[in-house]
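These are the residues of each chain, in order.
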Amino acid sequence: MPELQLMFNRHRKYMLYLLSLYVLGWGFTQYQSVFLGLILGTTISLYNHWLMVRRTKRFGEAIETGGKFRSFGTVTRMVAAVLAVMIATKYPDYFNFLCVILGIVTSYVVIMIDFIIHHIIQSHK
């Protein structure tokens, strides 16, 4: 499980860098609804990623100890994404709907890019 925590720490760092770029874009450009949508979606994405890592660790602990495990929290993560979409549809002047959707999938893009980079690094060793 330490590898999972190391990967999550890298992913979290990359997503926080992206969020800081989005905040700068929101503050210094005229595309505030675009960047606010990206901020909302990426924040939800980071929360969902954190929740999945936490549940995966609990699953591993349950397997090791022979205990029971309820679920991976799929419904909770879906509700968070639906909440972000509902906020974007309720306030379309503030949040760009498409950018909220793009922000929600940010963690998956970060995971894929991180995997490719580390696969290339490992193959060159």
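Up top you'll find the structure we're talking about.
The present account deals with the structure reproduced in this document. (Residues numbered from 1 in each chain as written. Predicted model: local features only at pLDDT ≥ 70, side-chain atom pairs only at ≥ 80, totals over all residues. Heavy atoms only, no water.)

1. Some details on the packing of aromatic side chains
Then step 1. Per the counting criterion, the structure on display carries three aromatic pairs.
Then step 2. Judged by centre distance (6.0 Å) and plane angle (40°), the ring pair of Y47 and W50 falls under tilted. Residue Y47 and its partner W50 are located together in helix α2 (residues 32-65), separated by three residues, close to a single helical turn.
Then step 3. The exposure class of Y47 is partly exposed, given its relative accessible area of 34%. (Phe/Tyr/Trp six-rings, centres within 6.5 Å; stacked < 30°, edge-to-face > 60°. Helix = DSSP H or I, 4+ residues; strand = E, 2+ residues; numbered from the N terminus. Buried < 20%, exposed > 50% of the residue type's maximum accessible area, 1.4 Å probe, protein only.)

2. Section: α2
Then step 1. Here α2 spans 49 Å end to end across 34 residues, near enough to the 50 Å set by a 1.5 Å rise per residue.
Then step 2. With its phi angle positive at about 80°, G66 sits one or two positions after the end of α2. (Expected span 1.5 Å × (residues − 1).)

3. Description of a nonpolar patch on the surface
Then step 1. The grouping of F97, L98, I101, L102, V105, Y108, V109, M112, I113, I117 and I121 at the surface amounts to a nonpolar patch, some 980 Å² of accessible area in total.
Then step 2. Within the residue set of the nonpolar patch, elements represented by two or more residues are α4 (97-104) and α5 (106-123).
Then step 3. The biggest single contributor to the nonpolar patch is α5, with six residues. (Patch = residues over 30% accessible without salt bridge, like charges linked within 9 Å, V, L, I, M, F, W, Y side chains within 5 Å. Areas by Shrake-Rupley, 256 points an atom, 1.4 Å probe, with all protein chains shown as cover. Salt bridge = Lys/Arg side-chain N within 4 Å of Asp/Glu carboxyl O.)

4. Side note on the side chain of S45
Then step 1. The topology assignment puts S45 in helix α2.
Then step 2. Given a relative accessible area of 1%, S45 falls into the buried group.
Then step 3. If sequence neighbours within four positions are ignored, S45 has contacts with M15, G103, I104, V105, T106 and S107. (Contact = heavy atoms within 4.5 Å.)

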